[in-house]
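# Remarks on the overall topology
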Amino acid sequence: MKTSAWMKISILFVLFTFLLAACATTPATPEVSEPETTDEPVVEEPFRVALIMPSAINDLAFSQSIYDALVKIQTEMGGESGFQFVYSENMFVVDDAAAAIRDYASQGYDLVIAHGSQYGSSLREIAPDFPEVSFAHGTTVDTFVDEGITNVFAYEAASDQGGYVNGVMAGLLTESNVVGVVGPIETGDAKLYIDGFKAGVMASNPEAQVNINYTGSFSDVALASEAANTHIGAGADILTGTAQMVVGAIGVAEERGVLWFGTQSSQTSLAPSIVVANQVYDWTVVLRDIISLIKEGTLGGKAYAITLANDGLVMDFNPQYTLPESVGQAAAEAIQGIESGSITTLP
Amino acid sequence: MKQFLSKFSVSSFFDAILPVFAALAAFGLGAFMLLALGANPITAYAALIEGALGSWNAVAETTVKAVPLLLVGLGICIAFRANVINIGGEGQMIIGAIFATLIGLNFTDLPGWLVIVLAMIAGFLGGALWGAIPGYLKAYFSVNEILSTVMLNAIAVQLMNYLLRGPMIDPAQAELASKIPQTARLDPLFHLPRLIPTRLHLGALIAVLLAIAVYFLLFHTTLGYRIRAVGYNPDASRYGGIRVRKQIVIAMLLSGAFAGLAGAIQVYGLNYRMITDGSASGFTGSAGFNGIVAALFGQLHPLGTIPASFVFGAMLVGANSLQRAMQVPSAFITALNGLVVVFVVSSEIWRRRRQHRRRLTARIVEDELVEATIKPETEAQP
Amino acid sequence: MIEDLFSTTVLVGILASGIRLATPYLYAAIGETFGQRSGVLNLGVDGQMLLGAFAAFYVALTYQNLWLGILAAIIVGGLMGLAMAYVTVNLQAQQGISGIGFYLFGLGMSDLLFQKLLGTVETVRGFPSLYIPFLSDIPFLGDIFFRQNILVYLAYLLVPLAWFVMNKTTLGLKIRAVGENPEAADSLGVSVARVRYFSIILGGMLSGVAGASMSIALLNVFQQNMTSGLGFIAVALVYFGGWRPGGVLLGALLFSMVNALQLWIQVKGIQIPSDFAVMMPYVLTILVLVLAVQRVRPPSALTKPFERES
């Protein structure tokens, strides 16, 4: 026993020395780990963005919407040479996100995006320490400009608008006059979407009943799927839902053959036969404007909202689902009404 | 003299750094994962160390991260010594934070220092309450504490969600259509003072002082003796006239109280308001769980938990900066953390075996630490 | 409003939902029961489930064969069990902590593999609902019991099977002996190590199947952290059930039925904040245990490593 223990210890020791040797070579590493900091005189330096988001880049929901937008902007601006971005995903711990924001800011990124309303408080602390860096955060309207902070942009999504359009269609398509909604917790973006959706259903079909279910979590896929089952059991023939845990609910909708309306990102690929339409967030509108303002030297103070009118919210209809013409018409009218301001989407 | 020598031998120094070797072995395994991810492990680990300890600011961040781990860990030292497995740190932190935040939001006309003191006490009490419930249920209703603490964590999260989107919501948010679930910001007078111009706050000092206090409590007071006796041998303790049930409730209550204080310090030292993303870890950063690991790395000794928390905090901070520097998915870091925990806890066997041998030769029987680790927690049945 | 809940639709809905929701808990908690009965507490169930869920999903998607997916989940879960067994039996590591380590590993690793091998949320055609001939046509009962998928049926068959193995076979006797009094078992010639290895690996395999039951039977998707702490509830249910398969079944059904009930409470628009509705299953599980005043003693050697005196 004794010899084998010492054998293992010596193996550990070799590993340790190996790692020490590795550490000894670290002086060379900073350049390797951060190739962006090579401030060689290039003709035009690429625009550099750092992104902090609460869930994964492939969540088919909130985080993916901003990631996709940055990828799009990168192609527009000529790839790596014109636009670079790095990200920290799954930063659901507010405190860790704060450390990340501060770290990115001190590395001299042109723009640091804190993609989550929960980061606002930390950003308010950090932004004044880095007056030469521009920050953006959302979804919120607060740029802190009234507190004398001038380098923060704010953005939000008027998700009630797409919710309203989805709702109008749902109200017309339902035969049982019962529509079900699966949400995470009753706040923020989810609340906006659901309120808008409900208003839309009521507008097109006052007879219909909208049942709402909150799962109390953004990650409980199993409960979200059972919530969908419950809605169908209660007579719903159309479902919608928001946040990343609804993927479970979409599966149930497909299996039981009821229609689904998506939001945040396109969810058509999950169930092509039953998804009617998605409200897709396209943050490029906001990002383009922020980037051009930064290039002109304005680092903050402006609040944005993506809406149907400015093409930040896009209604993405599933081509594989044949929408009755009258319903399509009603949706188009709703979009028009919202854009012109003749329809209010929140009760 | 012989005793003295054996206590400070090379061998016991080796005991102390054994966890470091184990962690390095885990990192060695992680290196292969990094290679598979297409990242250079040497550069990656350099970034990790740089991020955790590379500058004064990094050290401050690491310390800040270690504070809740240490506080929760202190509570764990108490509970585990009494043989109660408290995995309710997450919920206890949340309730403590809620209590503390209520003080700061309601007593706005009191002087700053007083509000801070009251808030810390409130956090302590809130955690104590949430810890006493499973303690009481275990002692008097035989409800296993693993079950009740898991359930109470979930209940605390929903309670927080309700309060933050309802009664405690920031008045500014209440007026908006998108009601972000957060409280109003605490008055700047109520923030815990910063020690140096980083995010390092007074909480670090409080935590270290409390670690010393818990050391005295456990090893130099009657209460501490009783708690340890109950954990070591409940039947003998009862025979010896100790009220076992009462000690279990007290141990659990104290354990929760330290977690509650950790929650209060997170609010007053870092976030200055409560915000929820719907989950426990969004607020606690999983300190309620990680504190257990820190305490066990520290051999369930309050003073050992200080360096253990710091090292674990460094891991967490370094891991985040590794994600930033190399764009390694955060999932890798979670997996690596898991490997480190498994390797370190597995390496314990060598230390125990050597101590066992040493004990046989030197016959040091009063080494309480050894006792505690040779006999890990069993179910105390009152 | 409240009276809306007392209708056959709601009752049938609650029972059917509860039976589905309980399925992953059953696999995981029965597996954990074997481990704990042999004296090993495994807190890593959630991690094992996640890796099992991913393995099953990936294999089922790649090879278009669901049973191959189940096999993959069993293998991956078994391997995790093997590692856990080595660490807790041979290295005698503190069980609760090593379990947390394995949980973190499974949580991270399943996500990492998901990102590298799939990259995005996809769906798979999972096990279809299996209508049992004749029985599925019985009014109400058919809906509740006989229109589920095969993994749901198997989960409930597992309960009597586990009871039988535990109480009526030599193997079960050995497991219980090792968990109660390893020294005595050892002196009677039972290999404590081998029995614990068996129980932990079996537990890992069942946790793997629990994950698979989510990813390729009930939900048919894989997403990072899709179990959302479900494995920890499963461990809690073992305590609820007093280390008996029947008790575990009772606990799993109670928790899931109350969860189904709270979904209906919300759907029926009963005016309580949704957060309190979500809280219900957790509160009730504790309350029932308090009121039941059951005094089942845990296996005496639970969490104690065993070392032969030589």
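This write-up is about the structure you can find in this document. (Residues numbered from 1 in each chain as written. Chains lettered and ligands numbered in written order. Predicted model: local features only at pLDDT ≥ 70, side-chain atom pairs only at ≥ 80, totals over all residues. Heavy atoms only, no water.)

## Observations concerning the overall build of chain C
Per the secondary structure count, chain C includes 12 helices and zero strands. Relative to the 2.2 N^0.38 estimate, which gives 19 Å for 310 residues, the radius of gyration of chain C is 20 Å and therefore close to what a compact globule would have. By principal-axis analysis of the C-alpha atoms, chain C measures approximately 70 × 50 × 40 Å. Counting over 310 residues, chain C shows a buried share of 63%. The contacts in chain C between residues at least 6 apart in sequence include a share of 77% that link residues at least 24 apart. (Helix = DSSP H or I, 4+ residues; strand = E, 2+ residues; numbered from the N terminus. Rg over C-alpha atoms; globule rule 2.2 N^0.38 Å. Buried < 20%, exposed > 50% of the residue type's maximum accessible area, 1.4 Å probe, protein only. Contact = heavy atoms within 4.5 Å.)

## Notes on a nonpolar patch on the surface
A cluster of nonpolar side chains, Leu195(B), Ile196(B), Leu205(B), Val208(B), Leu209(B), Ile212(B), Phe216(B) and Leu303(B), forms an exposed patch at the surface whose accessible area comes to about 650 Å². In terms of residue count, the dominant contributor to the nonpolar patch is helix α9 (residues 203-220) of chain B (five residues). (Patch = residues over 30% accessible without salt bridge, like charges linked within 9 Å, V, L, I, M, F, W, Y side chains within 5 Å. Areas by Shrake-Rupley, 256 points an atom, 1.4 Å probe, with all protein chains shown as cover. Salt bridge = Lys/Arg side-chain N within 4 Å of Asp/Glu carboxyl O.)

## Points about the sheet that holds strand β6 (residues 178-183) of chain A
Residue and element names in this part refer to chain A. Across the sheet, six strands lie side by side as β7-β6-β8-β9-β10-β12; this open sheet has mixed pairing. Where the open sheet ends on each side, the last strands, each with one partner, are β7 (209-214) and β12 (313-317). Shown here is a sheet whose adjacent strand axes are inclined to one another by a mean of 15°, direction ignored. Pairing analysis gives four bridges linking β6 to strand β8 (residues 238-241), with the strands arranged parallel. Directly across from Gly180, in β8, lies its bridge partner Leu239. (Pairing = 2+ DSSP bridges. Axes fitted to C-alpha atoms, helices over the stretch in contact; angles between N-to-C directions.)

## Let's talk about the pairing of strand β4 (residues 134-138) of chain A
All names here are of chain A. Among the five residues that make up β4, five are buried, leaving the element largely enclosed by the rest of the structure. Side chains Ser134, Ala136 and Gly138 of β4 all project onto a buried face; the interleaved residues Phe135 and His137 project onto the opposite face, where all are buried too. Where strand β3 (residues 111-115) lies against β4, five bridges are found, and the strand directions are parallel. Among the inter-strand pairings, Val112 is bridged to a residue of β4, identified as Phe135. In the sheet, β4 pairs with strand β5 (residues 152-157) via four bridges, with the strands oriented parallel. Within the sheet, the bridge partner assigned to Ala136 lies in β5 and is Phe153.

## Let's talk about the interface of chain C and chain B
Across the contact, 49 residues belong to chain C and 46 residues belong to chain B. Carbon and sulfur atoms make up 77% of the surface buried where chain C meets chain B, a total of about 4300 Å² over both sides. Three residues stand out in chain C for area buried against chain B, namely Gln94(C), Ile97(C) and Ile286(C), and they jointly supply 14% of the buried area on that side. The interface formed by chain C and chain B includes one salt bridge. In this structure, the salt-bridge partner of Arg165(B) is Asp275(C), at a minimum N-O distance of 2.5 Å. For the pair chain C and chain B, the number of links is two residue pairs in polar contact (both at pLDDT 80 or more). (Buried area = accessible area lost by both parts, 1.4 Å probe. Polar contact = N/O pair within 3.5 Å; in protein donor to acceptor, adjacent residues only side chain to side chain.)

## Some thoughts on the packing of aromatic side chains
The full count for this structure, using the stated rule, is 26 aromatic pairs over all chains. Between Tyr67(A) and Phe85(A), the ring centres sit 5.8 Å apart and the planes meet at 65°, which makes this aromatic pair edge-to-face. Of this pair, Tyr67(A) sits in helix α3 (residues 62-76) while Phe85(A) is found in strand β2 (residues 83-88), placing the two residues 18 residues apart along the sequence. Centroid distance Trp67(C) to Phe127(C): 4.9 Å. Interplanar angle 65°. Geometry classified as edge-to-face. Taken together, the residues span a long stretch of sequence, with Trp67(C) in helix α3 (residues 66-90) and Phe127(C) in the loop between α4 (95-118) and α5 (141-145) at a distance of 60 residues. The partly exposed category is assigned to Trp67(C), whose relative accessible area is 48%. Put simply, the rings of Phe47(A), Tyr67(A), Phe83(A), Phe85(A) and Tyr87(A) touch in pairs and so form one group of aromatic residues. Between the NZ or CZ atom of Arg324(B) and the centre of the ring of Tyr104(A), over which it lies, the distance is 6.0 Å. (Phe/Tyr/Trp six-rings, centres within 6.5 Å; stacked < 30°, edge-to-face > 60°. Lys NZ or Arg CZ within 6 Å of the ring centre and 35° of its normal.)

## Looking at the sheet that holds β2(A)
All names here are of chain A. The parallel open sheet is built from six strands, whose spatial order is β2-β1-β3-β4-β5-β11. This sheet does not close on itself; its edge strands, each paired only once, are β2 and β11 (303-306). Averaged over all pairs of adjacent strands, the angle between strand axes in this sheet comes to 20°, irrespective of strand direction. Relative to strand β1 (residues 47-52), helix α4 (residues 94-106) is tilted by about 170°, and along the sheet it contacts β1, β2, β3 and β4.

## Comments concerning the pairing of β2(A)
Residues and elements named next belong to chain A. Burial within β2 is extensive, with six of its six residues counted as buried. Of the two faces of β2, both are covered, the one formed by Phe83, Phe85 and Tyr87 as well as the one formed by Gln84, Val86 and Ser88. The pairing of β1 with β2 spans six bridges and is classified as parallel. Considered in β2, the bridge of Ala50 is made with Val86. A crossover links β1 with its parallel partner β2, the connecting element being α3, and its sense is right-handed. (Right-handed = clockwise from strand over helix to strand, strands pointing away.)

## Brief notes about the interface of chain C and chain A
Taken together, the contacts link 30 residues of chain C with 33 residues of chain A. Regarding the contact of chain C and chain A, the summed buried area is about 2700 Å², with carbon and sulfur atoms giving 51% of it. Interface area lost by chain C to chain A is led by Gln223(C), Leu263(C) and Val267(C), which between them contribute 21%. Between chain C and chain A we count one salt bridge in total. Ionic pairing is found between Arg20(C) and Glu226(A), a salt bridge with its closest N-O pair at 2.9 Å. Our enumeration of links across chain C and chain A arrives at 12 residue pairs in polar contact (both at pLDDT 80 or more).

## Describing unusual backbone geometry
The omega torsion across Gly138(A) and Thr139(A) is 10°, close enough to zero to call that bond cis. Inspection of the secondary structure puts Thr139(A) in the loop between β4 and β5. Of note, Ser142(B) is a non-glycine position whose phi angle comes to about 55°, a positive value. Relative to the assigned elements, Ser142(B) resides in the loop between α6 (112-141) and α7 (145-165). Owing to a relative accessible area of 24%, Ser142(B) belongs among the partly exposed residues under this scheme. Positive phi, close to 55°, is recorded for Gln92(C), a residue that is not glycine. You can see Gln92(C) is positioned in the loop between α3 and α4. Classification of Gln92(C) by relative accessible area gives buried; the value is 10%.

## A short note on the nonpolar core
Here is a general trend for soluble globular proteins: nonpolar side chains tend to be buried in one another's company. By size, the foremost hydrophobic cluster in this structure holds 249 residues, and its most contacted members are Trp260(A), Leu71(B), Leu147(B), Tyr268(B), Phe332(B) and Ile216(C). Here this core takes 15 residues from helix α12 (residues 244-271) of chain B, the largest share from any one element. Those residues in contact with Ile216(C) that sit more than four places away from it in its chain are Ala56(C), Phe57(C), Ala60(C), Leu66(C), Gly69(C), Ile70(C), Val124(C), Gly126(C) and Phe127(C). In terms of nonpolar packing, the next biggest core, distinct from the first, is built from 64 residues, Val181(A), Tyr281(A), Ala331(A) and Ile335(A) among them. (Core = buried A, V, L, I, M, F, W, Y, C linked by side-chain atoms within 4.5 Å.)

## A short note on helix α5 (residues 89-106) of chain B
Taking 1.5 Å of rise per residue, 18 residues should cover 26 Å, and α5(B) covers 26 Å from first to last C-alpha, within 8% of that figure. Of all 18 residues making up α5(B), 14 are buried, and the element is well covered by its neighbours. (Expected span 1.5 Å × (residues − 1).)

## A word on helix α10 (residues 230-240) of chain C
It helps to recall that an α-helix has 3.6 residues per turn; residues three or four apart then point in one direction. Residue and element names in this part refer to chain C. With 11 of 11 residues buried, α10 lies mostly within the body of the structure. Along α10, the positions that sit buried rather than exposed are Leu230, Gly231, Phe232, Ile233, Ala234, Val235, Ala236, Leu237, Val238, Tyr239 and Phe240. Just downstream of α10, Gly242 is the residue with a positive phi angle, here 60°.

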